[in-house]
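Residues per chain are reported as follows:
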Amino acid sequence: MTRRSLLISGASIAGPALASRLAQSGWDVTVVERFDQLREEGQNVDIRGVGRQVLRKMGLEEAVRAAHTGEVGTQFVDENGHVVAEFRAGEGDSGGGTAEIEILRGQLSRLLYEQSSGETTYRFGDQIQALHDDGTGVDVDFQSGRTQRFDAVVIAEGLRSRTRAMLMPDVRPHELGLYTAHLALPRISTDNAWWRSMFCGRGRMLFLRPDNVGTMRAGLFFLSDVRGLDRLTPEDTVSVLRKTYSDVGWEGPRVLAEMDNGSLYLEDVGQAKLPTWHQGRVVLLGDAAYCASPVSGMGTTLALTGAYILAGELTANEDPRAAFGEYERRMRPLVTEAQRLFPGAPQVTMPRAQAHRTAIHAALRMASTPLARRLGKVAGRFGKPRSEAIALPEYA
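Residues numbered from 1 in each chain as written. Predicted model: local features only at pLDDT ≥ 70, side-chain atom pairs only at ≥ 80, totals over all residues. Heavy atoms only, no water.

S.K.: So, the side chain of R52: which residues are in play, and what are the values?
M.R.: On the secondary structure map, R52 appears in helix α2 (residues 50-58). On the basis of relative accessible area, R52 is assigned to the buried category, the value being 2%. A distance of 3.1 Å separates the side chain of R52 from the side chain of E61, its partner in a polar contact. (Helix = DSSP H or I, 4+ residues; strand = E, 2+ residues; numbered from the N terminus. Buried < 20%, exposed > 50% of the residue type's maximum accessible area, 1.4 Å probe, protein only. Polar contact = N/O pair within 3.5 Å; in protein donor to acceptor, adjacent residues only side chain to side chain.)

S.K.: Summarise the sheet that holds strand β7 (residues 120-124); cite the residues concerned and give the values.
M.R.: Pairing between the strands of a sheet comes from backbone hydrogen bonds, and it takes one of two forms, parallel or antiparallel. The strand order across the open sheet built from six strands is β7-β2-β1-β11-β18-β17, with neighbouring strands paired in mixed fashion. Edge strands, defined here as strands with exactly one partner in the open sheet, are β7 and β17 (278-279). As defined by bridge partners, strand β2 (residues 28-33) adjoins β7 across five bridges and the pair is classed as parallel. Within the sheet, the bridge partner assigned to V32 lies in β7 and is R123. Contacts from helix α10 (residues 320-338) reach β11 (152-155), β17 and β18 (282-284), with the element oriented near 20° to β18. (Pairing = 2+ DSSP bridges. Contact = heavy atoms within 4.5 Å. Axes fitted to C-alpha atoms, helices over the stretch in contact; angles between N-to-C directions.)

S.K.: Lay out the layout of surface pockets in plain terms, naming residues and giving numbers.
M.R.: One number sums up the size of the second largest pocket: a volume of about 260 Å³. If you trace the second largest pocket, you find 15 residues lining it, with T233, P234, E235, T237 and L264 closest to the centre. Breaking the lining of the second largest pocket down by element, the ones donating at least two residues are α6 (234-244) and β16 (265-271). For the lining of the second largest pocket, the leading source of residues is α6, giving four residues. A breakdown of the residues in the lining of the second largest pocket according to their chemical character gives eight nonpolar, four polar and three charged. (1 Å grid on protein atoms, 1.4 Å probe; cavity = no way out; pocket = protein on both sides within 12 Å on 5 of 7 lines; lining within 4 Å. Points joined across faces, edges and corners; volume = space filled by probe spheres on them. Nonpolar A, V, L, I, M, F, W, Y, C, P; charged D, E, K, R; others polar.)

S.K.: Outline the packing of helix α1 (residues 14-23) against helix α4 (residues 105-116), supporting the account with residue identities and numerical values.
M.R.: Relative orientation of the contacting elements α1 and α4 amounts to 25°, with a least axis distance of 8 Å. In terms of orientation, α1 and α4 fall into the roughly parallel class. In the crossing of α1 with α4, the sense of the turn from one axis to the other is left-handed. Of α4, the residues touching α1 (which contributes P16, A17, A19 and S20) are L112, Y113, Q115 and S116. Across the contact of α1 with α4, the residue classes tally to five nonpolar, three polar and no charged. (Parallel < 35°, antiparallel > 145°, perpendicular 65-115°, else oblique. Left-handed = near helix turned anticlockwise from the far one by under 90°.)

Read these as geometric descriptors, not functional statements.
Okay, structure coming up:
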């Protein structure tokens, strides 16, 4: 029997996870990635609920646990670095602001790549130029000049996927009016194993998180009605951030001083809310299909779960188009829950005025008391976390 062939565009999380599952099921899988090598940069990501179940099924849970960043929980601090409230890391598959499993995005990507690379063809430094779906297969033109035919194509790219625009030119991200910038900092003696966050006022936030490679990961969130800042030159990006955070205390000066070290990147935060994730023999996976934004904390869980379900349906169905329909039907409830942000978020959680910041600090203090934590545990027994909004299907 001829092996069915699949092209995956994108070698971050969802793409290699899908490649690993399908290559083990006998598919001929090719992954194309526009960057010249595996991208190992990135901040902390957590894996919860059904995402943890997928890791177990892939035999990767212990490897991921071994690469834990060491983060012990979340602290909210004031402009002098004094702790306002703290929350210990969660226990089990789904709990806590800091999950039981935290790993750097690049390290998770590397684990998925290594598991899949033995039976998958990876092509770095190339990308899709055009797609021609004739109903029985997809002819793909690559930027390198190569042309190849596949039984199906998966677009596992980011929120602002260029390849998705070829398939669905009218799709636009749902903008949240928020930017996030990230960079790595040298670790110093006053750093610790907590995720420390400060509300800076005027719709800004600053945080530091530990990693397992001897540095700290800094993040800056800020509200803005101006779109396109993520397309500025690196020099202009640094200039904008330094002006935006010039008056911020605590670790602000330290973070601004390190912005020229080459690790900085800026992202315009949004969500992907599409009426459908597939067209003919081409399907979307991960952020290209259903980005929930970093605000949700569910991106990696969605990527892994979507890859697992899509692989299972492609293996179970002879016609990829039938598989795509089942994949979407099974994933929609989880995506709907993941994209359901706190009412008014992110604006309501990013205080502009001092009075708003004071109110949030008071609410955090109350939520961090032993009584509030006990009540939260009791309430949790009567409802499932959103990371468990679906039961993970079993596939042969």
